[in-house]
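# Examination of the molecular architecture
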Amino acid sequence: MNDAERVLITGGAGFIGSHLAVRMAAAGRRVGVIDDLSAGSKEHLKTLTAAGVRTQDLFNADVSGPEAAAILARWRPGLVVHLAAQSRVAASVADPVGGTRTNVMGTVNLLAAAAETGVARLVAASSGGAAYGNLPADADFQYEHMARRPLSPYGASKAAADLYLRMYGESYGVVCTSLLLGNVYGPRLDRRFSGDVVSRTIGNLRSGRRPLIYGDGAQTRDFVHVSDVVEAFRAACERGVPGSFNIGTGVETTVHRVVEMICAAMGEPPKVEYAPDLPAEVRRVRLDSAAAAAHLDWRPTIDLATGISDMCVAA
Ligand SMILES: NC(=O)c1ccc[n+]([C@@H]2O[C@H](COP(=O)([O-])OP(=O)(O)OC[C@H]3O[C@@H](n4cnc5c(N)ncnc54)[C@H](O)[C@@H]3O)[C@@H](O)[C@H]2O)c1
């Protein structure tokens, strides 16, 4: 019999996963983590143990390998939150096969193990930007029912993983929820590579360098704060509603505007450097999250100006 109070979080040493693990531990759940530390950090794991996660529940393993399935069988969680991924578009362009192994095979591996070992629910992170592809010219928002037209291996891997989630819900009885996230930002966003505009800009300004924008800066994103995203995962875990739900603010912000906001919050002039566009990035993202409001009772609570200003004060 699986323990309903046990939640196994894959990617728990990463940005979103570490926030979620702390939140779940604070809510009294027993939290386990599977992470191969390929992008996650040991510092994040220390934060987890300080929040009450037991060191024997931290598993260094690859989600696409047999060990991950064995951990599910041994640890018997009632719930799995699947965040482990090759999480950047540029990395997927550089290594599409490795990304597919982690993002697609890793998801199928967990789903098969979940079905086999009696996991009741699985909640996974998908992409509200890359998996959709560009916002069509005649549309105001990306909606869950829209066709997926990914431009990158990353987007395609997330769209493919979503199909497997739906199939395991239909045919194997695992209640699967997929959250299609906007651009998540907030404290502990410390990616070692340059994909994310918020962490990159704060990092550059902190170290006396100029902000860097890839492309013309007119590309838009739907920026959503990590604490709101954690609440969305918590709600999805509690409610067990199958399906795909956009998690964004519905506010479209240009990359240029975000850089300006960060410069203003840090008292720096917006003297931006430009570099060529990163490959396979979408041009516009704006998510309609009405379904999440209706079915998960989830709404964003932190606007971008407040979220950025809090990060810059902390910096
Ligand atoms: N951050 C965003 O803006 C955003 C937007 C949309 C979707 N997502 C999705 O949310 C999830 C979490 O994103 P994040 O920003 O926290 O990313 P992250 O890179 O900080 O975290 C991912 C974690 O997965 C781990 N991992 C990678 N490959 C693994 C493997 N094969 N086996 C085990 N662990 C592995 C990494 O070590 C890392 O700790 C990902 O699925 C990502 O695709 C993130």
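To keep things clear, this report deals only with the structure shown in the data block.

Basis of the calculations
- Residues numbered from 1 in each chain as written.
- Predicted model: local features only at pLDDT ≥ 70, side-chain atom pairs only at ≥ 80, totals over all residues.
- Helix = DSSP H or I, 4+ residues; strand = E, 2+ residues; numbered from the N terminus.
- Rg over C-alpha atoms; globule rule 2.2 N^0.38 Å.
- Buried ≥ 20, exposed ≤ 12 C-beta atoms within 10 Å, placed from the backbone.
- Contact = placed C-beta atoms within 7 Å.
- Pairing = 2+ DSSP bridges.
- Core = buried A, V, L, I, M, F, W, Y, C linked by C-beta atoms within 7 Å.
- Near = placed C-beta within 6 Å.
- Nonpolar A, V, L, I, M, F, W, Y, C, P; charged D, E, K, R; others polar.

### Observations concerning the overall build of the protein
When helices and strands are counted, the protein shows 11 helices and 13 strands. Relative to a compact globule of 315 residues, whose C-alpha radius of gyration would be 20 Å, the protein shows 19 Å and is just as compact. Considered along the principal axes of its C-alpha atoms, the protein spans approximately 60 × 45 × 35 Å. Of all 315 residues assigned to the protein, the portion counted as buried reaches 50%. Partitioning the intrachain contacts of the protein with sequence separation of at least 6 by distance along the chain shows that 82% fall at a separation of at least 24.

### Some points on the sheet that holds strand β5 (residues 121-127)
In a beta sheet, neighbouring strands are held together by backbone hydrogen bonds and run either parallel or antiparallel to one another. Ordered by their spatial adjacency, 7 strands build an open sheet running β3-β2-β1-β4-β5-β6-β11, and the pairing between neighbours is parallel. Bordering the open sheet on either side are β3 (58-59) and β11 (243-247), each of which pairs with just one other strand. Across 7 bridges, β5 lies against strand β6 (residues 175-181) in parallel orientation. Bridging from a neighbouring strand, S127 pairs with L181 of β6.

### A short note on the nonpolar core
If you look at the biggest cluster of nonpolar residues, it comprises 87 residues, and the most contacted ones within it are A21, V81, L122, L179, V229, A232 and F233. The element that contributes the greatest number of residues to this core is helix α8 (residues 226-239), accounting for 8 residues. Setting aside chain neighbours within four positions, we find L179 in contact with V123, A125, S126, A232, F233, A236, F245 and I247.

### A closer look at the site of the ligand
Taken together, 28 residues lie around the ligand, and G11, G14, G40, A85 and A125 are the ones closest in. For the shell around the ligand, the elements supplying multiple residues, two or more each, are α1 (15-26), α5 (96-117), β5 and β7 (183-185). The element best represented in the shell around the ligand is α1, accounting for 3 residues. Partitioned by chemical class, the residues of the shell around the ligand number 13 nonpolar, 12 polar and 3 charged.

### Focus on unusual backbone geometry
One non-glycine residue with positive phi stands out, namely L37, at about 60 degrees. You can see L37 is positioned in the loop between β2 (30-34) and α2 (42-50). Positive phi values are uncommon outside glycine, yet R76 reaches one of about 50 degrees. Inspection of the secondary structure puts R76 in the loop between α3 (66-75) and β4 (77-82). When the 16 C-beta atoms within 10 Å are taken as the criterion, R76 is described as partly exposed.

### Topic: the environment of A292
Looking at where A292 falls in the secondary structure, it is placed in helix α10 (residues 290-296). In this structure A292 comes out as buried when scored by C-beta crowding, with 26 C-beta atoms within 10 Å. Sequence spacing of A292 and M1 is 291 residues, and the spatial spacing of their C-alpha atoms is 31 Å. Residues within four places of A292 in sequence aside, it is in contact with A232, F245, N246, I247 and W298.

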